[in-house]
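# Overview (structure and organization)
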Amino acid sequence: MSLFFNFGEKIPEFDFKVINEREARASAGIMFLLGTLSLFSVFTLRTLIWAEFFSITFILEFIVRMFINPKYAPYMLLGSFFVINQKPEWVQAKPKKFAWFLGLILGTIMTYYIIFDVISLVRLSICFVCLSLLFLESAFGICLGCLLYHQLQIKLKRCPGGVCELETEKKPMFKKAITLSFFVLTFLLIYLSLEYVKYSDIINVIIIDG
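These numbers come from a predicted model, not from an experiment.

### A few points about the overall build of the chain
In terms of regular secondary structure, the chain is built from eight helices and two strands. What you see in the chain, going N to C, is helices and strands ordered as β-α-α-α-β-α-α-α-α-α. Buried residues in the chain amount to 42% of all 210 residues. Here the analysis covers contacts within the chain between residues at least 6 apart in sequence; of these, 74% occur between residues at least 24 apart.

### Points about the confidence of the model for the chain
This prediction gives the chain a mean pLDDT of 80; 70% of its residues lie at or above 70. When mean pLDDT is compared element by element in the chain, helix α3 (residues 74–82) scores highest at 96, while helix α7 (residues 163–169) scores lowest at 57.

### Let's talk about the packing of helix α1 (residues 21–44) against α3
To describe two helices that pack against each other, one gives the angle between their axes and the distance between the axes. Their axes nearest at 7 Å, the elements α1 and α3 cross at an angle of 115°. The angle between the axes of α1 and α3 places the two elements in the roughly perpendicular class. Crossing handedness for the pair α1 and α3: right-handed. Taken together, the residues of α3 that come into contact with α1 (itself represented by Glu23, Ala24, Ala26, Ser27, Ile30, Met31 and Leu34) are Tyr75, Met76, Leu78, Gly79, Ser80 and Phe82. Of the residues in the contact of α1 with α3, the class split is nine nonpolar, three polar and one charged.

### Quick look at the pattern of salt bridges
Following the criterion strictly, the structure yields three salt bridges and no others. Here Glu21 makes a salt bridge to Lys96, at a shortest N to O gap of 3.0 Å. Of this pair, Glu21 sits in helix α1 while Lys96 sits in helix α4 (residues 93–115), and the two are 75 residues apart along the sequence. Ionic pairing is found between Lys96 and Glu137, a salt bridge with its closest N-O pair at 2.6 Å. Placement of Lys96 in helix α4 and of Glu137 in helix α5 (residues 121–140) is noted, with a sequence separation of 41 residues between them. With respect to burial, Lys96 and Glu137 carry one shared label: buried.

### Some thoughts on the state of the cysteines
Following the criterion strictly, the structure yields one disulfide and no others. No disulfide involves Cys130; its sulfur sits 6.8 Å from that of Cys127, the nearest cysteine. The exposure class of Cys130 is buried, given its relative accessible area of 9%.

### Re α4
With 23 residues, α4 should reach 33 Å at 1.5 Å per residue; the first-to-last C-alpha distance of 32 Å fits that figure. What α4 keeps buried is the set Ala93, Pro95, Lys96, Ala99, Trp100, Gly103, Leu104, Leu106, Gly107, Met110, Tyr113 and Ile114. Immediately downstream of α4, the backbone of Asp117 shows phi near 55°, a positive value.

### Things to note about the nonpolar core
If you look at the biggest cluster of nonpolar residues, it comprises 28 residues, and the most contacted ones within it are Phe7, Ile19, Met31, Phe58 and Trp100. Of all the elements in the fold, those that place two or more residues in this core are α1, α2 (49–67), α3, α4 and α5. If you tally residues by element for this core, the top one is α4, at seven residues. In this structure, Met31 is in contact with Phe54, Phe58, Glu61, Arg65, Tyr75, Leu131 and Leu134, ignoring residues within four places of it in sequence.

Reading guide: rules and limits
Residues numbered from 1 in each chain as written. Predicted model: local features only at pLDDT ≥ 70, side-chain atom pairs only at ≥ 80, totals over all residues. Heavy atoms only, no water. Helix = DSSP H or I, 4+ residues; strand = E, 2+ residues; numbered from the N terminus. Buried < 20%, exposed > 50% of the residue type's maximum accessible area, 1.4 Å probe, protein only. Contact = heavy atoms within 4.5 Å. pLDDT = per-residue confidence, 0-100. Axes fitted to C-alpha atoms, helices over the stretch in contact; angles between N-to-C directions. Parallel < 35°, antiparallel > 145°, perpendicular 65-115°, else oblique. Left-handed = near helix turned anticlockwise from the far one by under 90°. Nonpolar A, V, L, I, M, F, W, Y, C, P; charged D, E, K, R; others polar. Salt bridge = Lys/Arg side-chain N within 4 Å of Asp/Glu carboxyl O. Disulfide = S-S within 2.5 Å. Expected span 1.5 Å × (residues − 1). Core = buried A, V, L, I, M, F, W, Y, C linked by side-chain atoms within 4.5 Å.

Right, dumping it as structure tokens:
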């Protein structure tokens, strides 16, 4: 039973639990693709069905990851299928757990909006933030939650992309990258706010018709 309800794997060469980064990035890429398509369907097909379906699967994914086992999460299983012939890239499980806990918080907030059928700028912003984080992880291997966890800890081992080791060598560049990412996300959120105001009438029509 403990093998089923478990977070991370024990590998003989490491004295800490690890996660296969390749599977994590593959699952992030799949979620980003499906999330983008579901958001696109809102403005093309004028329906919330696919967006809400993806939101529910997103929430369930992180519930399984956090409280059961990441190996059995649907998107992780699907991602592992695509990288089955690739050599595992093991990273420390603790930063991933922290990052996915943040994802669970975002998913919990989304649950409230889905249950009460509320469409607001906050809901769209959370959706956009989730897609942005998924894109950064899948495309560039940047786990912002892991980086935040690293900043709160004294020392970590086996970070994704080896950023923990590189930070000590290129600390100014590392801080510039974090700062740039923050400003980019802020700019995109402002842009999303303007787009929401622009398309608010269309969104209201979708809600009424749907």
